[in-house]
Amino acid sequence: MIVTIDGVAASGKSSVASGVARALGVPYVSSGLLYRAATLLGLEAGLRLENAAELLAHLRAQPLRLEALAEGNRVWVEERDLTADLHSSRVDRGVSVVAALPEVRAWVDGQLRALPEPFVAEGRDMGTAVFPQAAAKFYLTASPRVRAERRARERPEDVPAIEAALVERDRLDTVQSAPAPDARVIDTGNLTLEGVIGAVLAGLPA
Ligand code: C5P
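Residues numbered from 1 in each chain as written. Predicted model: local features only at pLDDT ≥ 70, side-chain atom pairs only at ≥ 80, totals over all residues. Heavy atoms only, no water.

### A look at the sheet that holds strand β3 (residues 64-68)
- Taken in spatial order, the three strands of this open sheet run β3-β4-β5, and their pairing is antiparallel. Of all strands in the sheet, those bounded by a partner on one side alone are β3 and β5 (80-81). (Pairing = 2+ DSSP bridges. Helix = DSSP H or I, 4+ residues; strand = E, 2+ residues; numbered from the N terminus.)

Right under this line is the structure:
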């Protein structure tokens, strides 16, 4: 069984997916981490992020491994754990360029579809493009201000700067971020994390 949790940037997808996965006793899978890892490796190698051929050749030369557990996801390149470097503002700024490349999307999708079920998958297009057959689909939203206030606890920038960056990332991610027609939309603005996890669990098929 696959459960998909999509949503806008900083809507709480990872925390909710982790909580749901723990309740179900299955792993969760963060697709955004793979886009972030591709971006980080491209930046570190000094590549032009919009050049798909260069980036893909670089990614194929040093295979990434997504370690998907219910408690959290980690991305490895051989013995190096990239995870702590994936949520910088530098990666935030570059990732939408990388995620707009069809070749990179196919590379990420291939890795996700190779994972053994069951799992909870979170991202932008899990319920639409990658796992349209999922047993249950959810889509998380919240206002830009609420999301920026949450993210400000994890970033050095102030709330208005984070909000502006989130709105810009939403705009760049619009193409792949539409909710699936059969997704249950949850506005997380007035809910606690436990409240959102409870709403997802209550919406699962018996
Ligand atoms: O979920 P997160 O904010 O970490 O995702 C980082 C970026 O990866 C998004 O801004 C988006 O550009 C891209 N992404 C995507 N499709 C997904 C997951 C993430 O395009 N399924």
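This is not the end of the story, as more comes after the structure.
### Examining the nonpolar core
- In this structure, L64, V75, L82, V104, W107, L112 and F131 are the most contacted members of the largest nonpolar core, which totals 35 residues.
- Sorting the residues of this core by element identifies α2 (31-44), α3 (52-61), β3, β4 (73-77), α4 (89-99), α5 (102-113), β6 (119-123) and α6 (126-130) as the ones contributing at least two each.
- Looking at which element gives the most residues to this core, the answer is α2, with seven residues.
- Leave out the neighbours within four places in its chain, and V75 touches L33, A37, L64, R65, L66, R80, D81, L82, T83 and L86. (Core = buried A, V, L, I, M, F, W, Y, C linked by side-chain atoms within 4.5 Å. Buried < 20%, exposed > 50% of the residue type's maximum accessible area, 1.4 Å probe, protein only. Contact = heavy atoms within 4.5 Å.)

### Quick notes on the packing of helix α1 (residues 13-24) against helix α9 (residues 193-202)
- Their axes nearest at 9 Å, the elements α1 and α9 cross at an angle of 55 degrees. Taken together, α1 and α9 sit at an angle that is classed as oblique. When you trace α1 past α9, the crossing you get is right-handed. Touching S15, V16, G19, V20, A23 and L24 of α1 are L193, V196, I197, V200 and L201, all from α9. (Axes fitted to C-alpha atoms, helices over the stretch in contact; angles between N-to-C directions. Parallel < 35°, antiparallel > 145°, perpendicular 65-115°, else oblique. Left-handed = near helix turned anticlockwise from the far one by under 90°.)

### Some points on the pairing of β4
- Burial runs high along β4: four of the five residues are buried.
- Bridge count for β3 against β4 is five bridges, and the pairing is antiparallel. When the sheet's bridge partners are listed, L64 is paired in β4 with V77.
- Counted between consecutive antiparallel strands, the loop separating β3 from β4 contains four residues.
- Taken together, the two bridges between β4 and β5 define a ladder with antiparallel strand orientation. Within β5, the residue paired with W76 across the bridge is D81.
- The loop that links β4 with its antiparallel partner β5 comprises two residues; one of these, E78, has a positive phi angle of about 50 degrees.

### Observations regarding the packing of aromatic side chains
- Overall, the coordinates contain one aromatic pair when judged by the stated rule.
- Taking the centre distance of 5.4 Å and the plane angle of 65 degrees together, the rings of F119 and F131 count as edge-to-face. Pair noted here: F119 is in strand β6 and F131 is in the loop between α6 and β7 (136-141), with a separation of twelve residues, a long-range link. Across the pair, F131 and F119 agree in class, each one buried. (Phe/Tyr/Trp six-rings, centres within 6.5 Å; stacked < 30°, edge-to-face > 60°.)

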